[in-house]
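Residue strings, one per chain:
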Amino acid sequence: MELHFAPKSRARGLAIILAIIMALFVVRLFYIQVIQHQYYVSQADSEQIKQFTLRAKRGEIYAMEADKPVRLVMNETVYTVWVDPVQVADKQAIVDALNRVAGGNTRKDFAQYIERAGTRYQVLATKVTRTQAELLKKENLAGVGFDAVSQRVYPEGQLASQVLGFVDSEGVGKYGVEQASNDRLRGQDGLLKTVTDVRLVPLTVGDKNIKKPARDGDNLVLTIDRNIQAEAEKALVEGMQRTGATQLSVIVMNPNNGKVLAMANLPTYDPSKLNEVADAAAFNNDTISNPYEPGSDIKTFTVATGIDKGVITPQSTYLNTDYIKIDDITVSNASKGQTGNITMQHALNWSLNTGMVTIAQRLGNGSSITRSARDTMYEYFHDRLRLGQLSGIELANEAKGVVVSPDEEQGNAVRYSNMAFGQGMDATMLQVASGFGALVNGGTYYVPSIINGTIDADGNYHAAADKPRYPGVISPASSTTLAEMVYQARQAFYSKTDKPGFYVGGKTGTSQTIKNGKYVSTETIGTYLGFGGEKGASPSYVIMVEVAGKDMNLSGNAHAMPIFNEISNWMIDYLRLTPRE
Amino acid sequence: MNRARRAVGRMASGVGDLAQRRHRPDYQIVLFMGLLMLLGLVLMYAIGPQRANVLNEVHNTDFYTDTYFVIKQALSLAVAIAAFVFFSKLPFSVLTRSAMRLVQVGLGLAALLFVAGNLLHIDSIAANTLGAYRWFNLGPLGGFQPAEVLKIALLVYLAVFLGKRVSEGAVNDVERTVLPVVGITGLMLFIVVVLQKDMGTGLAMASIVGAMLLMSGMSWKLLTRLVVVAMVIGALLVVFVPHRRERLMTFFLGDAAADSSHVAADDSNYHIKNAMIALGTGGFAGLGIGNSIQATGYLPEAINDSVFAIMGEIFGFMGVTVILGLFGALLLRVLRIADRLPDMRMKLAVAGVFGWLAAHVVLNVASMIGLVPLTGITLPLLSFGGTSMVFVAGALGLVYQLSQFTSHSTIMESRYENSSSRRGIGGSRYPSRRRTPRN
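Residues numbered from 1 in each chain as written. Chains lettered and ligands numbered in written order. Predicted model: local features only at pLDDT ≥ 70, side-chain atom pairs only at ≥ 80, totals over all residues. Heavy atoms only, no water.

## Some remarks on the overall build of chain B
Right, on to step 1. The helix and strand inventory of chain B stands at 17 helices and 3 strands.
Right, on to step 2. When burial is assessed residue by residue, chain B has 55% of its 439 residues classed as buried.
Right, on to step 3. Partitioning the contacts of chain B with sequence separation of at least 6, the portion at a separation of at least 24 is 73%.
Right, on to step 4. When the accessible area of chain B is evaluated, it comes to approximately 18,300 Å², of which 64% is carbon and sulfur surface. (Helix = DSSP H or I, 4+ residues; strand = E, 2+ residues; numbered from the N terminus. Buried < 20%, exposed > 50% of the residue type's maximum accessible area, 1.4 Å probe, protein only. Contact = heavy atoms within 4.5 Å. Areas by Shrake-Rupley, 256 points an atom, 1.4 Å probe, with all protein chains shown as cover.)

## Structural notes on the overall build of chain A
Right, on to step 1. Within chain A, the secondary structure is distributed over 18 helices and 23 strands.
Right, on to step 2. The burial tally for chain A puts 53% of its 581 residues in the buried class.
Right, on to step 3. Taken as a whole, chain A presents about 25,400 Å² of accessible surface, with 50% of it coming from carbon and sulfur.

## Quick notes on the environment of Val182(B)
Residue and element names in this part refer to chain B.
Right, on to step 1. Relative to the helices and strands, Val 182 is located in helix H8 (residues 174-195).
Right, on to step 2. Overall, the relative accessible area of 39% leaves Val 182 in the partly exposed class.
Right, on to step 3. On a C-alpha basis, the gap between Val 182 and Leu 226 in space is 8.6 Å, while along the polypeptide they are 44 residues apart.

## With respect to the packing of aromatic side chains
Right, on to step 1. Following the criterion strictly, the structure yields 25 aromatic pairs over all chains and no others.
Right, on to step 2. With a centroid separation of 5.6 Å and 50 degrees between ring planes, the pair formed by Tyr503(A) and Phe531(A) is classed as tilted. Highlighted residues: Tyr503(A) in strand S21 (residues 502-515) and Phe531(A) in strand S22 (residues 518-534), separated in sequence by 28 residues. Like Phe531(A), Tyr503(A) is buried.
Right, on to step 3. Ring plane angle 70 degrees and centroid distance 5.3 Å describe the contact between Phe69(B) and Phe384(B), whose orientation is recorded as edge-to-face. You can see Phe69(B) sitting in helix H4 (residues 68-89) and its partner Phe384(B) sitting in the loop between helix H14 (344-368) and helix H15 (386-402), a full 315 residues away along the chain. Taken as a pair, Phe69(B) and Phe384(B) share a single burial class, namely buried. (Phe/Tyr/Trp six-rings, centres within 6.5 Å; stacked < 30°, edge-to-face > 60°.)

## Quick look at the pattern of salt bridges
Oppositely charged side chains are able to pair whenever their charged atoms sit close together.
Residues and elements named next belong to chain B.
Right, on to step 1. Tallying each qualifying case throughout the model produces 28 salt bridges over all chains.
Right, on to step 2. Between Arg 333 and Asp 26 there is a salt bridge, with its nearest N and O atoms 2.9 Å apart. Of the two residues, Arg 333 is situated in helix H13 (residues 307-340) and Asp 26 in the loop between helix H2 (15-21) and helix H3 (27-59); the sequence distance between them amounts to 307 residues. The two residues Arg 333 and Asp 26 agree in class, both being buried. (Salt bridge = Lys/Arg side-chain N within 4 Å of Asp/Glu carboxyl O.)

## A few points about the sheet that holds S22(A)
Residue and element names in this part refer to chain A.
Right, on to step 1. A sheet is described by the order of its strands in space; here 5 strands give the open sequence S12-S11-S23-S22-S21, paired in antiparallel fashion. Across the chains shown, the open sheet's two edge strands, defined by having one partner strand only, are strand S12 (259-266) and S21. The mean inter-strand angle of the sheet, taken between neighbouring strand axes irrespective of direction, is 10 degrees.
Right, on to step 2. Sitting on the sheet, helix H9 (residues 226-243) is in contact with strand S11 (247-254) and S12, with an inclination near 30 degrees to S12.
Right, on to step 3. Helix-sheet contacts for helix H18 (residues 556-574) involve S11, S12, S21, S22 and strand S23 (541-548), and the interaxial angle to S23 is about 150 degrees. (Pairing = 2+ DSSP bridges. Axes fitted to C-alpha atoms, helices over the stretch in contact; angles between N-to-C directions.)

## A look at the interface of chain A and chain B
Right, on to step 1. Taken together, the 44 residues of chain A in the interface contact 62 residues of chain B.
Right, on to step 2. With both chains or domains summed, chain A and chain B bury close to 4,400 Å², and 70% of this area falls on carbon and sulfur atoms.
Right, on to step 3. It is Arg10(A), Phe25(A) and Gln33(A) in chain A that bury the most area against chain B; as a group they hold 17% of the surface buried on that side.
Right, on to step 4. In this assembly, chain A and chain B are joined by 1 salt bridge.
Right, on to step 5. A salt bridge links Lys273(B) to Glu47(A), with the shortest nitrogen-to-oxygen separation between them at 3.8 Å. (Buried area = accessible area lost by both parts, 1.4 Å probe.)

## A closer look at H9(A)
All names here are of chain A.
Right, on to step 1. Over its 18 residues, H9 extends 26 Å from the first C-alpha to the last, a length consistent with the 26 Å expected when each residue adds 1.5 Å.
Right, on to step 2. For H9, every residue scored as buried is listed here: Asn 227, Ile 228, Gln 229, Glu 231, Ala 232, Glu 233, Ala 235, Leu 236, Gly 239 and Thr 243.
Right, on to step 3. N-cap assignment for H9: the residue whose side-chain oxygen lies 2.9 Å from the backbone N of Asn 227 is Asp 225.
Right, on to step 4. Looking one or two places after H9, you find Gly 244, whose phi comes out positive at around 80 degrees. (Expected span 1.5 Å × (residues − 1). Polar contact = N/O pair within 3.5 Å; in protein donor to acceptor, adjacent residues only side chain to side chain.)

## Notes on the packing of helix H11 (residues 299-309) of chain A against helix H14 (residues 371-384) of chain A
Residue and element names in this part refer to chain A.
Right, on to step 1. For the pair H11 and H14, the least separation of the axes is 10 Å and the interaxial angle reads 120 degrees. H14 is crossed by H11, and the crossing has right-handed handedness. Together, Phe 301, Thr 302, Thr 305, Asp 308 and Lys 309 of H11 and Thr 376, Tyr 380, Phe 381 and Arg 384 of H14 make up the contact between the two elements. (Left-handed = near helix turned anticlockwise from the far one by under 90°.)

## Some words on the nonpolar core
Right, on to step 1. Judged by nonpolar contacts, the single largest core of 134 residues is most densely connected at Ile29(B), Phe308(B), Leu381(B), Leu396(B) and Leu402(B).
Right, on to step 2. Broken down by element, the residue count for this core peaks at 21 residues, all from H13(B).
Right, on to step 3. Residue contacts for Leu381(B): discarding those within four places in its chain leaves Met33(B), Leu36(B), Met37(B), Gln73(B), Leu330(B), Met389(B), Val392(B) and Leu396(B).
Right, on to step 4. Within the second largest apolar cluster, 89 residues are counted, among which are Phe166(A), Val331(A), Ala373(A) and Ala420(A). (Core = buried A, V, L, I, M, F, W, Y, C linked by side-chain atoms within 4.5 Å.)

## Observations concerning a nonpolar patch on the surface
Right, on to step 1. Together, Phe30(A), Tyr31(A), Ile35(A), Phe284(B) and Met318(B) give the surface a local cluster of nonpolar side chains, amounting to about 480 Å² of exposed area.
Right, on to step 2. Of all the elements, helix H1 (residues 10-35) of chain A adds the most residues to the nonpolar patch, at 3 residues.
Right, on to step 3. Along the polypeptide, Phe30(A) turns up in helix H1.
Right, on to step 4. Residue class for Phe30(A) comes out partly exposed when judged on its relative accessible area of 34%. (Patch = residues over 30% accessible without salt bridge, like charges linked within 9 Å, V, L, I, M, F, W, Y side chains within 5 Å.)

## A short note on the sheet that holds strand S8 (residues 190-195) of chain A
All names here are of chain A.
Right, on to step 1. One open sheet holds the 3 strands; their spatial order is S1-S8-S9, and the pairing between them is antiparallel. Of all strands in the sheet, those with a lone pairing partner are strand S1 (49-54) and strand S9 (210-212), marking the two edges. Each adjacent strand pair in this sheet contributes to an overall mean axis angle of 20 degrees, direction not counted.
Right, on to step 2. Pairing analysis gives 3 bridges linking S8 to S9, with the strands arranged antiparallel.

## A look at the pairing of strand S10 (residues 219-225) of chain A
Residues and elements named next belong to chain A.
Right, on to step 1. With 7 of 7 residues buried, S10 lies mostly within the body of the structure.
Right, on to step 2. In this structure, strand S2 (residues 61-65) lies alongside S10, joined through 3 bridges in parallel fashion. Note that in S10 the partner of Met 64 across the bridge is Asp 225.

## Looking at the environment of Lys347(B)
Residues and elements named next belong to chain B.
Right, on to step 1. On the secondary structure map, Lys 347 appears in helix H14.
Right, on to step 2. A residue is classified by how much of its surface remains accessible, and Lys 347, at 3% relative accessible area, is buried.
Right, on to step 3. Spatially, the C-alpha atoms of Lys 347 and Arg 336 are 10.0 Å apart, while their sequence positions differ by 11 residues.
Right, on to step 4. If we skip the residues at most four places from it in the chain, Lys 347 touches Met 215, Ala 338, Asp 339 and Leu 341.
Right, on to step 5. Reaching out from Lys 347, the side chain makes a polar contact with the backbone oxygen of Ala 338 at a distance of 3.0 Å.
Right, on to step 6. Within the structure, the side chain of Lys 347 is placed 3.3 Å from the backbone oxygen of Asp 339, a separation counted as a polar contact.

## Comments concerning helix H10 (residues 220-239) of chain B
Residue and element names in this part refer to chain B.
Right, on to step 1. Compared with an ideal rise of 1.5 Å per residue, which puts 20 residues at 28 Å, H10 spans 28 Å between its outermost C-alpha atoms and is within 8% of the ideal.
Right, on to step 2. Residues Leu 222, Leu 223 and Val 238 constitute the buried set of H10. Buried residues of H10 fall within an arc of 135 degrees about the axis and therefore sit on the same side. (Arc of directions from axis to C-beta.)

## Brief notes about the pairing of strand S18 (residues 451-455) of chain A
All names here are of chain A.
Right, on to step 1. For S18, the tally of buried residues reaches 5 of 5 residues, placing the bulk of the element in the interior.
Right, on to step 2. Note: S10 against S18, 4 bridges, orientation antiparallel. Its bridge partner being in S18, Leu 222 is matched across the sheet by Ile 451.
Right, on to step 3. Note that S18 and strand S19 (residues 461-463) share 3 bridges and pair antiparallel. Bridge assignment links Gly 453 to a residue of S19, and that residue is Ala 463.
Right, on to step 4. Linkage of S18 to S19, two consecutive antiparallel strands, is achieved through a turn of 5 residues, within which Gly 459 is found at a positive phi near 90 degrees.

## Notes on the side chain of Gln423(A)
All names here are of chain A.
Right, on to step 1. Within the fold, Gln 423 resides in the loop between helix H15 (413-419) and helix H16 (429-440).
Right, on to step 2. According to the relative accessible area criterion, Gln 423 is buried, its value standing at 13%.
Right, on to step 3. Ignoring anything within four residues of it in the chain, the contact list for Gln 423 reads Glu 293, Asn 418, Gln 512 and Tyr 519.

## Overview of unusual backbone geometry
All names here are of chain A.
Right, on to step 1. The peptide bond linking Leu 266 to Pro 267 adopts the cis configuration, its omega dihedral lying at 0 degrees.
Right, on to step 2. Position of Pro 267 among the secondary structure elements: in the loop between S12 and helix H10 (286-289).
Right, on to step 3. Even without being a glycine, Ala 66 presents a positive backbone phi close to 55 degrees.
Right, on to step 4. Assessed through its relative accessible area of 52%, Ala 66 is described here as exposed.
Right, on to step 5. Positioned with a positive phi, Asp 322 is a non-glycine residue whose angle comes to about 70 degrees.
Right, on to step 6. Note on placement: Asp 322 falls in the loop between strand S13 (317-320) and strand S14 (323-326).
Right, on to step 7. On the accessibility criterion, Asp 322 (5% relative accessible area) is buried.

Just geometry here; none of it tells us what the structure is for.
So, in structure tokens, the structure goes:
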């Protein structure tokens, strides 16, 4: 392009200046776009590329209702409404809209946060539902944002809350199944690294996007039966009202597979109102976390050991004087007067300590609890029936308890004489109930379980792999004999409480508590351990009840057994058991 | 002196005579303008979907479609081309005769805007931009900016006024020439810069007046003084208006210098930073059509004031160099025409158009590449639609019309300025004019 400006004209001067400016621009552009290209690409990446976590959906938790899974824990998306004070245009509009749409969810005095200087994120309301959030979004309020948060909801209210546990604000399971199976329930978060527009909407532009999908958590189905759990909780509440006890626990198991059907404690809590729980002790599942001296219930274990070892039969007799001396201590009976030559069945019926010490002696040389007797008892109590061992149930905070081995200095004859009637050892209710199940089911120990299976994304149920079982912990014959003895023990005094035509047996327990290292009689714990089922068949259920209260004398027969009776009779109907003569 | 004045006067008024002598217009004006307009249209096509997406999100509607912007731009172009044709046909004499009328209309519209906006706050008529009222809201027709009318009114009025003073040989007369020019310019700058808070348009006006004064042959001494006065006033306007002061501080010292409680400073730095990112990521060859990321909302005013940066992102260094080349060529054509127009009023009018275009191109590009602070000024013919496009096209139409009256041989301004004989003027241009085939 020929321009031919007049020489020395002002236009020529302007043209030269313009050309210089344009040249300067081109040089500058070359510097920015070509030389500094990589620098700006990295600047752009840090601004345009965002990393999103693709949240895995936490698995839901189901219970069984007979053979059909029902939801106990679900997920719900709620919204946290927040404000960026810098972008707020109309404070009053925000206040009005929030009060109108989500008045119940707002933070206290939320208006003061809307224009708080020096911050760019202030929460105004939490747990706002999707519907409310949609209404608020329609208002198009400048500066107001929404964060989707997933929270647990409990369609059955506080049912089985201590079994379930809860999820804390960081999304971590606490207590119960939520904690024990946190990894399975949580799944695995995915990752999306992508170029986005300024409003964080991912773009498909470019080749820098990376996506790793989330793997949702497993939906777990518990062995808990919704109806049995509800019945057990109801019976506990009634028992609490009746007795005034402050600590009550119950466990219902199927002795033929080790599955826990119900597990409940009082006091408990409502998982949807965690902030109202005053004492964190309410979160504890005492049936697994609180080992105690099981007391007289363990007499069934001692008798079973004697029978299985062939040192006694139900009709074996011994001379009961209400006192028996072991080394330097004397053991006495709680119920006195059943003196003379009495049978082992009689001793079990009356829960006589002397009878149990006698069995322990007969496991030895007949007159003292020898090392060999102690080894046998330890083998049965600890190794075979797994008292003092972690059961491995899929619940958090399981405690182990203590059964002192004869190898230890403490494991002497005196200790084992006490252990014969359930003192000098600690066990959890789950351990006792599981061991008892093996005693009455034909002699197979089933490792207790609370997870029945999973439900996949399509809603199909998949049973969990069977847990280990240990047949022959006592012989089938011994088991039949023991069950019959326990049946007789119950029938001896309490036959009228059961529906006629069923096979219901049980053993009371009234344990002293230890205060400052000494047994005291001012506070006793009442327990009841029993089974029920059809005559001529393996028992269908094992129920164990415990009632306790500070400075209260609670007994197995007066306070714990009525709760057992209530549940047991209900179970007979619920399981549609057939009465037989 | 007297004869010379008469001679120039006759020429100036004798457009009719000259019309017979007119020759082929400068088609290159149409060529460069057309190419730039086409590029603008391509760009609207390229980033329209992203813009539509952003606006739909912001306004929570689905009003904006993927083709919304390209169609609107095409409509604007149609109006702009009509304006070009109109001004290329409208006899210059008609324009010069209505110079005063234009000024009155411009001032009237500005006054109306002031009353409707600043006084009555009728936001449905006067659009509110961060507290300033700059344009009328015409609903579906878009916006109308009275400052554009003021610009063209100032241009035509000064062309007539200065042309008359030059013909009188009084261009260097402080009382008769300099003060009236300063007066009317000052009034318009007051309206635009102070009332409408539009520094960009103010700078464009100053550039128009500057180019016209320079081409009028005003003495360097006077020009220097005017520049000094303008710079002092400009500096005061910057120093005494907080947001401009901060913008300047931010530009030179970075965010840290600006008071962090003021968002404006922060925004302006963010704006420049993202313009540079757009240019920088574009690299040598650009990301290509449909791949702009900065246009998805990172870069403010992506289709208006920041369109150059988006072009750099999409078309790369090659693309923006071509665009600068087109602007350079267009501006030099305009300057060449100004240089060769024997009629002082025509010459000044074209010089004004040059100052106008040059201010927009230079200020816009310089701010996008971080050489000057942001002023909020459109890139002519490329920025999305609106009044700016139509008026620039109209101004180029005027240049196109006047390009028919250039003399082929170049004119020495010094000779022209000092000519004291009719022969000296006329003889050198028209009578002996020879048409030689060009390029």
